[in-house]
Each structure stands twice: as C-alpha cells, then as structure tokens.
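# Notes for the structure review
The residues making up each chain are set out below.
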Amino acid sequence: MSAAEPVVTEVSERARVAGAAPLSRRLSTRLLRSELRLIAGRRRNQMGLLVLAAVPVLIAVAVRISSPREGRGPDFLSSITSNGLFVPLAALSVELGLFLPLAIAMLAGDSVAGEANLGTLRYLLTVPVGRTRLLVTKYASLVIGAVWGVAVVVVAGAVAGIALFGTGPMLTLSGSEISFGAAVWRVVLVSLYIAAGLAALGAVGLFISTLTEQPLAATVALMIFTILSWIADSVPQISWLHPWLLVDQWMAFGDLLRDPPFWDNIAQGLRVDLGYAVVFGLLAWARFAGKDITS
Amino acid sequence: MSFFIDHPKARWALPVAALGVIGATALTVNQTANADSGLPSRTAAQLLADVRSANVSSLSGTVVQTSDLGLPEIPGLSMSGRPGSASSSLTSLISGTHTWRVWLDGPTRQRLALIGSNGESDVIHNGNDVWLWSSADKSAVHHTLSTDQVRAGSAGKRLPSGLPSGLPSGVPSTLASGAPRTPDEAAAAALALMGQDTTVTTSGAASVAGRSAYELILTPKDKATLVGSVRIAIDSQVHVPLRVQVYSTKRTNPAFEVGFSAVDFAKPDARQFSFTPPPGTTVTQSDHLLAGTGGTNATAPKPTAPEPTAPTTGQGAPKVVGSGWSTVVVAPFTVPAASKGSAGSAADSTAQLNGILKALPTTSGTWGSGHVLEGSLFSVVLTNDGRVALGAVPASQLFSALAAK
C-alpha cells in the first residue's frame, strides 16, 4: 500500500459516488468508473503496466541487436525480423506464462480482499450499493483490466516492432503471406482471445478474493492455481484432464496465424473460458452475498 | 431475489447447477449419438455399393487421428503429440492425437495441413507441382510431377474406382509409411481385406462431424488376430467414409481412429492450393518426395494396422506367412548406416531407431533371439540375425512364423 492512496480518499470517493447515485439508476456506470479510476491510480498497477510494456521492447531490441539463428528460439522469435507485428506475438507468448496472469492476480487480490483488508469494504456496503452490483462492478473492472494489460503489451510491442523492423507482409504458419492490414486484424483477434482467457482467470481470482481478507493471499493463491494448471497441462499421463484446464488452449492463439485461421481449438478455448467465468463468477456471488463482513 | 435473502445457503446451488449443466453438455457432445436417427436401413452390400459409386471430388474439412496402440513409452518417440513443433512433423504420426486439415478439389488439386502447436506442415499438390512446407524450420521442398504421374494420380491406383482419390497417389503411401490418414484411404484399405475372412454387418446410424452416417462393422472370423473389429462410418448422403475406427481385442476404446471432426463438400477456395515459397525460406528441389521427411521407405503393404517406421532395405523379398487378418510378413532387415547420403534426417532416424531398439524388451526362442514390440493392434519382432516380422497378431504368432523358415 503506497502512501499515495490514503484510505480516506477511497472511502470518501466511494461514498460520494454511491451516495449520489439514486437507487433507481441500477445501470449507472459511476461505480465502475470510480473503480477503474482507483485501479488506474494505484502506483503498483502503473508499475506493473510498465513491466508488461518493457518485455516486448526488450525482445525487439535484443532481436535487432543479434539476429536469432534460423529456425531456433521460441516460436515467432525467428519470424520477427520479417515483420514488426511478430514482436507483440512473441511478447504475448512469453508473458502469458507468468506476467499477464500475475497482473490479473494483483487486480483480483485487491478487488475484494484488498477492500476488506483496508476496512473499506464495510463502509462501501453501508452506502446503498447492492452486494451483487458491487461484485458485478468488481468483475467488470477485472475484465477491463485484462483487456488493458494485453493491449499495453500489444501496443508497446507493435510500436517497438514497427519502429525496428517495419511493416512487411506477415508470414503465416501455413507458409503464405498476408498483407500488413490483414496481419493487424490477426493480432487484434489474438489479443481478444488472450484477454478472454485472462478474464476467465479473473473470475477465479474474484472468487478467491471473496474467501480471504488478505489481498496477498488471494494473489498468491491465484498464481498457484495458474501454475498448477500449467503443470497439469504438461503431464501427458493425465491427458483426460487437459480439456478441462483453463490454460490448456491459451497457447492455441497461434492457430489464428494459419491461413485460413483454424477455429476448432480457439472455439474450445473460448468455451472453457466461458465455463470458468460462469462457474467461478457464481461461486464468488454465492460466497460474497452471504458473507459476514467483519472488517 | 428475496428467496436468496431468506435462504443464503441456497445460493451455492447456482454454481453447482452451472457445473452440472456444463458437465452434462460435455458428456452428450462427446458421446457418439448412436440412436436411430430415422435413416432408411441399408444392408452391408448396399452400403459398399454406395461407397463405390460415391462421386465426391471436392471437400474441405478437419481430420482427427488418434492412436492408442498400447506401445511402450519409448524415448525419442513423441507420445503426447504435444511438445513443440515435433507434433507437426510428418514422421511423428504413429502415436498420440493428430489433427489434419484437408482440402480436395478434383484429382489435380489437394492440400493437407498437419496442425501442430505453433507449427504446421503442409503438403500442397496443384497440377504438376507438389510442395512440402514445414513451418518449424521454414523450409519447402518442391517436387515436379511429370504429366504421366499426374494422370496416374487422377486414376487413384490405390483406391477402389469411384472413391475420391483422396490425395495424389504417390504422396500418402510414402509420407507416413502406410498409416492411413484420411477416412476414405483407411476405408479403402480395410475393404480390400474383405472376403471370406470377414463378417460384415451394419449397425444403427452414427453421427460424425455433425452428419448422420451408416456404420459398417467388419469383424474378423479369424480369432488369432489382434483386430477386434473395424467400424467404418459412411455418410448417409454422399456415401463417403467419414470415420474409421479399429478396435483391438485387448481394450474397449478404439486403438486407432481417423475421422472428420468437420467436413464440408463445397468446392474449396482456389487460394488454398497456391503456394509460393515466402522469402527467407530454404527451398529444396527434389526428385524424391521422401527426401525431406526422414527417409523411411514404406514397408510391405499391410492395410489395417498402422506400421511402425521400420526402414527396410531392398535385398531379399519379404515372405508372407498365413493369410487374411493374421498374415505375418517376414522381411530381411538391417539398420541403415548413418552416412546414407541424405544427410541429417537419415542419421537422426538411425539414431532414433537404435534408441528404440535398446528400449525394447529382448526375447528368444527356437526361432532365434531379438527385440519384441507388442502393441494392442500389432506386434513386431526384430531378430538379431537381421529379420523383421510383423502382423496384426500376438507376438507368439510371430515367433512361430519366424520359426517356419
């Protein structure tokens, strides 16, 4: 908790917003906007975004300085030199393992457990804001946070990549070349697909966040969940479990870079994302709506 | 919502219900709908005639092939089909699950793409050109067919007449050492085996790739073979085989299965068949389609069981023992020398083969001694005196075939 965000400010901001909104205006976005302002204002979140943006820049510069050997290195890395748009793709595949889930875990930890830890949760609930509405707002802010994080990586990567490698045609995995405009579309689709996966992870994080009053515990628990999923996904002996793992199809975003794109795995990944979001969203609701707020 | 305020515990029923709905949906989707879907009944003979008269020249679709051959875990053979680009290499077909995309447009234009995790291998046949593309090492192999070969390909030598000649006839048989990869190819192979050795029946309708299909069940009369039954799903409208499952006598799940997970019989976009090697690609001109794919020669043709990649050398004709489903092929066998001309890939496969040999259990008998590989669908014995015996039978049958010199 940095000194830049005194507790009093958060509470008074919340009280002002929620108090001012009449009960009848259920669809008001003021609560969400205030939540987003809080998220964006936190110094640790700003630092996190900087780290997310630094990785693609680092990759781009490193590749520029020393051209990778042909056909070696992580996927996409060897293709960077032909098109700057491979920089965001390489950065996403690198950050999807740890950094992006970690960013979601930080936000999710703060969302409910953080408020409970600060003691702001009970004040928040004394103002006329329904618990369900509060939870929906919290989840919406997590989804926006997921899109935000991915967008930062992609934009930083695209800027660095285009500056260093230019805007040539993109080589698909199928060996054909697509124009730069079509390639931009593919990168946007990849970003949305990854953001969907992270948003589903956010639902898991939201549920964990309602279980504890320690934001750090919630963050660590979600990271353990993520890493255990990756480990389980790499053990072939339990392959029956793989289709049920959230992370199983995360790396399938490469299928969008085929010509034509291959949708089967993407659709499967989105189905799993939706399933996790629904089940864990409802779990969080069941837990939070009936929870005793003691602090 | 007042119900939930009065009964807070009841809230937990909602996530549980959601989980239940998801589980139930997944189960029903995965289960093959075997219920009678109101198709008029057809006899096995009618179905076979339908298949022979089927006239489908273009399609696009996704083929999923799964093998559960009960092979031992062998280092060097990718069993999961998942790690890295190995899963998209054309020689890693004998184990695990593999996904193909196929586009067919008449006899002269075909494309086959093996989907790997972040990798892809393509075979593109367009007129006189055959391209092999591998995204893992960004390499392309170009092979120019003579006009004769193009004509031979269109005649579809390996398939019964009328069946869509799935792929250029030279390509499928050589690429993956005989493992059938498209449903019609595998069906053709199984149908060729039929005769007095096999009981052919039909079962109720199956559903494959969202299409209703008849199922043809081939049951070997021979009890010595490891093949329990072969089930061929035939599309009820266009009469093309959509799926082939080979069941072993040893387990309940199919030991080998190849079938469409999605299929469309419309003419594919011409763009699918054009290939220009992108800049930065290593392009090899080749007279031999094999050069780029590991240098394995096709072993003796034995249709149903997918064979391991056992490089055989030419000297001495293979000997056939037995007949029908329990045919055993005994052939001379030598491990090819590492410096076999075609550089890296051949040396790699030799090293791999030696590694596999070391990992196999050894056994001996009146026939001599050697390494034995027993799967759920076939067995292979490699003797120390340079012979290989294989067949869709238990290893004991192979021993007696080897003993009967």
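Residues numbered from 1 in each chain as written. Chains lettered and ligands numbered in written order. Predicted model: local features only at pLDDT ≥ 70, side-chain atom pairs only at ≥ 80, totals over all residues. Heavy atoms only, no water.

### Here's the deal with the overall build of chain A
This is how the line gets drawn: Elements are defined by DSSP. Helices are runs of H or I of four residues or more, strands are runs of E of two residues or more, and each kind is numbered from the N terminus. Only protein chains enter the calculation, and the probe is 1.4 Å; a residue is then buried if its accessible area is under 20% of its type maximum, exposed if over 50%, and partly exposed in between. The contact criterion used is simple: two residues touch if any of their non-hydrogen atoms lie within 4.5 Å.
Assigned secondary structure in chain A consists of ten helices and two strands. Going residue by residue from the N terminus, the α and β elements of chain A occur as α-α-α-α-α-α-α-β-β-α-α-α. Sorting the 295 residues of chain A into buried and exposed places 54% on the buried side. Long-range contacts, defined here as pairs at least 24 residues apart, represent 76% of the contacts in chain A between residues at least 6 apart.

### So, the interface of chain A and chain B
Applicable threshold: The buried area of a pairing is the accessible area, by a 1.4 Å probe, that goes missing from both parts when the two are put together, added over both. What counts as a salt bridge is simple: a side-chain nitrogen of Lys or Arg found within 4 Å of a carboxyl oxygen of Asp or Glu.
Listed per partner, the contact involves 36 residues of chain A and 36 residues of chain B. Carbon and sulfur atoms make up 60% of the area that chain A and chain B hide from each other, which totals about 2800 Å². Its largest share of buried area at the contact with chain B, chain A owes to Arg 258, Phe 262 and Trp 285 of chain A, together 18% of the area lost on that side. On inspection of chain A and its partner chain B, the count reaches two salt bridges.

### Some words on the UniProt feature "transmembrane region" (unreviewed entry) in chain A
We count it as follows: UniProt positions are given in the numbering used here, feature names are shortened, and annotations may be inferred rather than shown by experiment.
Those residues carrying the UniProt feature "transmembrane region" (unreviewed entry) are residues 47-65, 85-108, 139-165, 185-208, 215-232 and 274-290 of chain A in this numbering. Structurally, residues 185-208 of chain A is divided into 100% helix and 0% strand, and its ends, taken at the C-alpha atoms, are 35 Å apart.

### Concerning the environment of Met 106 of chain A
Mapped onto the secondary structure, Met 106 of chain A falls in helix α5 (residues 99-118). Here the alpha-carbon distance between Met 106 of chain A and Leu 216 of chain A, two residues 110 residues apart in the chain, equals 8.0 Å.

### With respect to the pairing of strand β18 (residues 387-391) of chain B
All names here are of chain B. Basically, it comes down to this: At least two bridges found by DSSP between two strands is the condition for calling them paired.
Counting buried positions along β18 yields five of five residues, so the element is predominantly enclosed. Side chains Arg 387, Ala 389 and Gly 391 of β18 all project onto a buried face; the interleaved residues Val 388 and Leu 390 project onto the opposite face, where all are buried too. With five bridges connecting them, strand β14 (residues 328-332) and β18 associate as antiparallel partners. Bridge assignment links Val 328 to a residue of β18, and that residue is Gly 391. When strand β17 (residues 379-383) meets β18, the two strands line up antiparallel, connected through four bridges. If you follow Val 381 over to β18, its bridge partner there is Ala 389. Linking β17 back to β18 in an antiparallel pair, the connection comprises three residues, with Gly 386 at a positive phi of about 85 degrees.

### Side note on the packing of helix α8 (residues 180-211) of chain A against helix α9 (residues 215-233) of chain A
Helices that pack against each other are described as a pair by the angle of their axes relative to one another and the distance between those axes. Residue and element names in this part refer to chain A. Cut-off, in case you're wondering: To get an axis, a line is fitted to the C-alpha atoms, and for a helix only the part in contact is used. The angle between two axes follows their N-to-C directions and goes from 0 to 180 degrees. Each angle gets one of four labels, with under 35 degrees taken as roughly parallel, over 145 as roughly antiparallel, 65 to 115 as roughly perpendicular, and the rest as oblique. Handedness of a crossing follows from how the near helix is turned relative to the far one, being left-handed for an anticlockwise turn of less than a right angle and right-handed for a clockwise one. Residue classes follow a fixed rule: Ala, Val, Leu, Ile, Met, Phe, Trp, Tyr, Cys and Pro count as nonpolar, while Asp, Glu, Lys and Arg count as charged, and any other residue, Gly among them, counts as polar.
Interaxial distance between α8 and α9 falls to 9 Å at its minimum, and their mutual angle equals 140 degrees. When the axis of α8 is compared with that of α9, the two are oblique. At the point where α8 passes α9, the crossing takes the right-handed sense. In this structure, α8 contributes Leu 201, Val 204, Gly 205, Ile 208 and Ser 209 to the contact, and α9 contributes Ala 218, Ala 221, Leu 222, Phe 225 and Thr 226. Of the residues contributing to the contact of α8 with α9, the split by class is seven nonpolar, three polar and no charged.

### Details of the packing of α8 of chain A against helix α10 (residues 264-289) of chain A
Residue and element names in this part refer to chain A. Following both chains from N to C, one finds α8 and α10 inclined at 20 degrees, their axes separated by 8 Å at the closest point. Between α8 and α10, the crossing angle belongs to the class labelled roughly parallel. The element α8 and its partner α10 pack so that their crossing is left-handed.

### Let's talk about the sheet that holds strand β15 (residues 362-365) of chain B
All names here are of chain B. One open sheet accounts for six strands, arranged β13-β14-β18-β17-β16-β15; its pairing is antiparallel. Either end of the sheet is taken by a strand with one partner, and the two such strands are β13 (319-321) and β15. Geometrically, the sheet is characterised by an average inter-axis angle of 25 degrees between neighbouring strands, direction not taken into account. Packing of helix α8 (residues 395-403) onto the sheet brings it into contact with β13, β14, β15, β16 (368-374), β17 and β18, and relative to β17 it is tilted by some 40 degrees.

### Observations concerning the nonpolar core
What counts is decided by this rule: Here, the term nonpolar core denotes a set of buried Ala, Val, Leu, Ile, Met, Phe, Trp, Tyr and Cys residues that are joined through side-chain atoms within 4.5 Å.
Membership of the largest hydrophobic core comes to 80 residues, with the highest contact counts inside it found for Leu 100, Met 170 and Ile 194 of chain A. Of the residues forming this core, the biggest block, 14 residues, is contributed by α8 of chain A. Judged by nonpolar contacts, the second largest core, of 53 residues, contains Val 51, Val 102, Leu 104 and Val 246 of chain B.

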